[in-house]
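# Descriptive structure summary
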Amino acid sequence: MKIAIYPGSFDPVTLGHLDIIERASALFDKLIVVVMHNVAKSPMFTVEERMEFLRRTTSRLSNVEIDAFGGLLAGYAAQRGACTIVKGLRAMSDFEYEFQMALTNRKLNPNVDTIFLMTSAEYMYLSSSMVKDIALHGGKVADFVPPEIEEEIFHRMRKDG
Ligand code: PNS
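These remarks concern the structure in this document.

Thresholds, definitions, all that
- For every chain, the first residue of its written sequence is number 1, and the numbers climb from 1 along that sequence.
- Where local features are concerned, this predicted model is filtered to residues with pLDDT of at least 70; where side-chain atom pairs are given and counted, the filter is 80 or more; whole-chain, interface and lining totals use all residues.
- Side-chain measures here rest on the full set of heavy atoms in the structure, leaving out hydrogens and waters.
- We call a residue near a molecule or strand when any one of its heavy atoms sits within 4 Å of it.
- Any pair of nitrogen or oxygen atoms within 3.5 Å is treated as a polar contact; in protein, a donor-acceptor pairing is required on top of that, and neighbouring residues in sequence qualify only through side-chain atoms on both sides.
- Accessible surface area values rest on a Shrake-Rupley calculation with a 1.4 Å probe, where residue burial reflects the displayed protein chains alone.
- Only protein atoms enter the 1 Å grid used here, on which a cavity is any set of points holding a 1.4 Å probe that cannot leave and a pocket is any open set flanked by protein within 12 Å on both sides along at least five of seven lines; residues with an atom within 4 Å of a point are listed as lining.
- The rule for placing a molecule in a cavity or pocket is simple: more than half of its atoms must lie within 2 Å of the grid points.
- Each residue gets one of three labels, nonpolar for Ala, Val, Leu, Ile, Met, Phe, Trp, Tyr, Cys and Pro, charged for Asp, Glu, Lys and Arg, and polar for the others, Gly among them.
- Strands are runs of DSSP state E lasting at least 2 residues, helices are runs of H or I lasting at least 4, and numbering of each runs from the N terminus.
- Accessible area is worked out with a 1.4 Å probe on protein chains only. A residue is then buried under 20% of its type maximum, exposed over 50%, and partly exposed in between.
- By definition in these notes, contact holds between two residues if any of their heavy atoms fall within 4.5 Å.
- One less than the residue count of a helix, multiplied by 1.5 Å, gives the span that helix is expected to have.
- As used here, the arc is the angular range of directions from the helix axis to the C-beta atoms.

## Section: the site of the ligand
Lining the immediate surroundings of the ligand are Pro7, Gly8, Ser9, Met36, Lys41, Gly71, Leu72, Leu73, Lys87, Met101 and Asn105. In this structure, an oxygen atom belonging to the ligand sits 2.5 Å away from a side-chain N or O atom of Ser9. Between the ligand and Leu73 there is a distance of 2.8 Å, counted from an oxygen atom to a backbone nitrogen or oxygen. Contact with the protein chains covers 74% of the free accessible surface of the ligand, which is 550 Å². Cavity membership is defined here by more than half of the atoms lying within 2 Å of grid points; on that basis the ligand lies in the largest pocket. A breakdown of the residues in the shell around the ligand according to their chemical character gives 5 nonpolar, 4 polar and 2 charged.

## Considerations on the side chain of Asn109
In this structure, Asn109 sits in the loop between α4 (95-108) and β5 (113-118). Look at Asn109 and you get buried, because its relative accessible area is 7%. The residues touching Asn109, leaving out its near neighbours within four places in the chain, are Ala74, Ala77 and Ala78.

## Remarks on helix α2 (residues 47-58)
For an α-helix, the turn length of 3.6 residues means that residues three or four places apart are oriented alike. With 12 residues, α2 extends 16 Å between its outermost C-alpha atoms, agreeing within 8% with the 16 Å of an ideal straight helix rising 1.5 Å per residue. All of the buried residues along α2 are Arg50, Met51, Phe53, Leu54, Thr57 and Thr58. Projected down its long axis, α2 shows its buried positions confined to an angular sector of 160 degrees, all on one face.

## Concerning helix α1 (residues 15-25)
For α1, the buried fraction is high: 9 of the 11 residues fall into the buried class. Along α1, the residues that are buried comprise Leu15, Gly16, His17, Leu18, Asp19, Ile20, Ile21, Ala24 and Ser25. Between the side-chain oxygen at the start of α1 and the backbone nitrogen of Gly16 there is a gap of 3.2 Å, and the oxygen is on Thr14.

Everything listed here is a matter of coordinates, which is why it stays silent on function.
Below, the structure written as structure tokens:
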């Protein structure tokens, strides 16, 4: 069974993430979308909220599992028997950091390869930080996040802001 993992902060999941999830789920027997908790970042949404948003938006994809993890990605891949890490690439500006992470992960776990899916053109500019900024300033995020979570994100950000 070919298992891939798609790691990220997903704070929150965007249409750009969902595009990568849909395309990657068609390439592997199983795709594990894993919310990585990173002590260096202060997320807007809790791990449980981020997982719930992902579950809601991917419920129709039967080979997609949602999980969370707080350690090294290379270790998680070994633990789950995954052969591939999937990453989305937007602009060239993503490349250098992603290249560094891919090489590091391969050094830590030689059994795992990273593959990159190019973003669909309409999501080239899109990021979770952009979504949070728009919502925080009262803008509508319907064009940027899956419809199942749009209202909740809008209201949560207004409440917190
Ligand atoms: O959505 P993000 O914030 O760009 O995702 C970055 C993430 C979580 C994939 C990356 O920071 C990561 O893999 N963190 C896990 C820690 C780790 O394994 N570090 C060493 C290899 S770079």
